[in-house]
Amino acid sequence: MFNKNQVVAVVMGGPSAEREVSLNTGAAIANALREYGYTNVVEIDLDPRNFGKQLAESKAEVVFNAVHGLYGEDGRLQTLLEIREMPYTGSGMIASVSCMDKVITKRMLRDAGISTPACLIVNKKESGIKEKIMQRFSLPVVIKPASQGSSIGVEIVKEEAQLDEALANAFKYSRDILVEEFIGGKELTVSMMQKDGEVVALPVIHIAPHSGMYDYHSKYTKGATEYICPADLDEETTKKVQEISKQAYEVLGCSGVARADVMLDEAGNGYVLEINTVPGMTATSLVPKAAAAAGISFPELCNIILQSASVNNK
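Everything numeric here is computed off the predicted structure, so don't read it as measured data.

Once that is clear, we can look at the sheet that holds strand 2 (residues 40–45). With parallel pairing, the 3 strands of this open sheet are ordered in space as 2-1-3. The open sheet has two edge strands, strand 2 and strand 3 (62–65), and neither has a second partner. Going across the sheet, the axis of each strand differs from the next one's by a mean of 25 degrees, ignoring polarity. For strand 1 (residues 7–12) and strand 3, the ladder comprises 4 bridges, and the chain directions are parallel. Looking at the pairing, V10 lines up with F64 of strand 3. Relative to the sheet, helix 2 (residues 51–58) contacts strand 1, strand 2 and strand 3, its axis offset from that of strand 2 by approximately 165 degrees.

Following this line, the structure appears as structure tokens:
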């Protein structure tokens, strides 16, 4: 257990494409911890080359990881903290690598028999990618980089003429990209946390963007998306979606709080898209919405996450 007088370093920012979102997340967490009664909360804007110095100067006793994308979710920050035997929140190094790389995630989900959309994994150096896609899928398809979050570089391609541009955009962010079958239906998200050694799923959220696509703009613009929580699902479907999310969490080796994105088709079948190991914690973020529906305030949620920190988050 961590007491309220210990030094808590909230690490945020960094050099990733999700820097601004991370800064918002980190500031919200730091303020919530102070509101909950923590007296020594230090905010660190991650400088990868000088992180050791930043950590030493902060006199941190535990790290609350709020870095999205590069460094924060790909295992690098976790490795540095484990070497220093510094307790930190969230998933460990191996789980972070696995969840950050959508190719690894996809393979692990498929190997475990967890329902996930069919996909084609392609490398930037390959030739004839467009032809391979058209042979394998009927349109629309979803194009996404292997190693980005916040829907950066993700596009739903409805016409063959849009493929070249969508591929070029995705390859800006990753050498490998996924081409997934498009699953029409409801977009859902399931937030999970550990309690007494068990994985607990919070109320399911139905994401209904007004634009029809839950892209970067829809995620981070207030009023651009309707969030229905608890989701408008029957009890059986709710339990089914929560169960496949918990299975994905366990297969990928997650710890602490994580969030699964799931598509529910018109026949009621759920498909796990990915797991987010450092989910957003801003005013428009989903984990706080799900926690609120379960009667957990934002400061209390931040305290629960902090108390789950450990030296080696396996």
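On the secondary structure map, N303 appears in helix 11 (residues 298–307). Judged by its relative accessible area of 12%, N303 falls in the buried class.

Below, the discussion takes up helix 10 (residues 286–293). What helix 10 keeps buried is the set L286, V287, P288, A290 and A291. The inward-facing, buried residues of helix 10 contact strand 8 (186–195), strand 10 (205–209), strand 11 (225–228), strand 12 (258–264) and helix 11. The positive-phi residue at the C-terminal boundary of helix 10 is G295, with phi of around 85 degrees.

Taken as a whole and judged by the stated rule, the model has 1 aromatic pair. Taking the centre distance of 6.4 Å and the plane angle of 25 degrees together, the rings of Y36 and Y38 count as stacked. For Y38, a relative accessible area of 4% corresponds to the buried category. Sitting over the ring of Y71, R76 keeps its end group 4.7 Å from the ring centre.

What follows deals with a nonpolar patch on the surface. On the surface, M93, I94 and V97 cluster together into a nonpolar patch covering about 240 Å² of accessible area. By secondary structure assignment, the location of V97 is in helix 4 (residues 93–100). On the basis of relative accessible area, V97 is assigned to the partly exposed category, the value being 32%.

With that settled, the discussion passes to the sheet that holds strand 6 (residues 155–157). The 4 strands lie next to each other as 4-7-5-6, forming an open sheet whose pairing is antiparallel. In this open sheet, the two edge strands, each paired with only one partner strand, are strand 4 (119–123) and strand 6. Each strand axis lies, on average, 25 degrees off the axis of its neighbour in the sheet, ignoring direction. Judged from the 5 bridges that link them, strand 5 (residues 141–145) and strand 7 (residues 176–181) form a sheet pairing that is antiparallel. Within the sheet, the bridge partner assigned to I143 lies in strand 7 and is V179. Packing against the sheet, helix 7 (residues 163–171) makes contact with strand 4, strand 5, strand 6 and strand 7, and its axis sits at approximately 25 degrees to strand 5.

To continue, consider the pairing of strand 10. Most of strand 10 is tucked away, with 4 of its 5 residues classed as buried. Here strand 8 pairs with strand 10 via 3 bridges, running antiparallel. By the bridge assignment for strand 10, E187 is matched with I207. Pairing analysis gives 4 bridges linking strand 10 to strand 11, with the strands arranged antiparallel. Residue pairing for strand 11: A208 is matched across the bridge by E226.

Counted according to the given criterion, the structure contains 0 disulfides. Cysteine C119 is unpaired, with the sulfur of C99 as its nearest cysteine sulfur at 16 Å. On the basis of relative accessibility, which here comes to 3%, the residue C119 falls in the buried class. The thiol sulfur of C229 is not disulfide-bonded, and the nearest other cysteine sulfur, from C302, lies at 17 Å. Residue C229 is classed as partly exposed on the basis of its relative accessible area of 26%.

Next up on the list: unusual backbone geometry. Here L139 and P140 are connected by a cis peptide whose omega angle stands at 5 degrees. Mapped onto the elements of the fold, P140 is located in the loop between helix 6 (129–136) and strand 5. Omega for the peptide link from C229 to P230 comes to -5 degrees, which places this bond in the cis form. Relative to the helices and strands, P230 is located in the loop between strand 11 and helix 9 (235–251).

In total, this model carries 11 salt bridges according to the counting rule given. Across the pair D45 and R19 runs a salt bridge whose closest N-O atoms are separated by 2.7 Å. With D45 in strand 2 and R19 in helix 1 (residues 19–36), the pair connects residues that are 26 residues apart, well separated along the chain. D45 sits in the partly exposed class, given a relative accessible area of 33%. For D232, the salt bridge is made with K186, and the minimal N-O distance between the two is 3.5 Å. One end of the pair, D232, is in the loop between strand 11 and helix 9; the other, K186, is in strand 8, with 46 residues separating them in the sequence. Its relative accessible area of 27% is what places K186 among the partly exposed residues. Sharing partners across several salt bridges, the network here consists of K106, K144 and E180.

What counts, and at which threshold
- Residues numbered from 1 in each chain as written.
- Predicted model: local features only at pLDDT ≥ 70, side-chain atom pairs only at ≥ 80, totals over all residues.
- Heavy atoms only, no water.
- Pairing = 2+ DSSP bridges.
- Helix = DSSP H or I, 4+ residues; strand = E, 2+ residues; numbered from the N terminus.
- Axes fitted to C-alpha atoms, helices over the stretch in contact; angles between N-to-C directions.
- Contact = heavy atoms within 4.5 Å.
- Buried < 20%, exposed > 50% of the residue type's maximum accessible area, 1.4 Å probe, protein only.
- Phe/Tyr/Trp six-rings, centres within 6.5 Å; stacked < 30°, edge-to-face > 60°.
- Lys NZ or Arg CZ within 6 Å of the ring centre and 35° of its normal.
- Patch = residues over 30% accessible without salt bridge, like charges linked within 9 Å, V, L, I, M, F, W, Y side chains within 5 Å.
- Areas by Shrake-Rupley, 256 points an atom, 1.4 Å probe, with all protein chains shown as cover.
- Salt bridge = Lys/Arg side-chain N within 4 Å of Asp/Glu carboxyl O.
- Disulfide = S-S within 2.5 Å.

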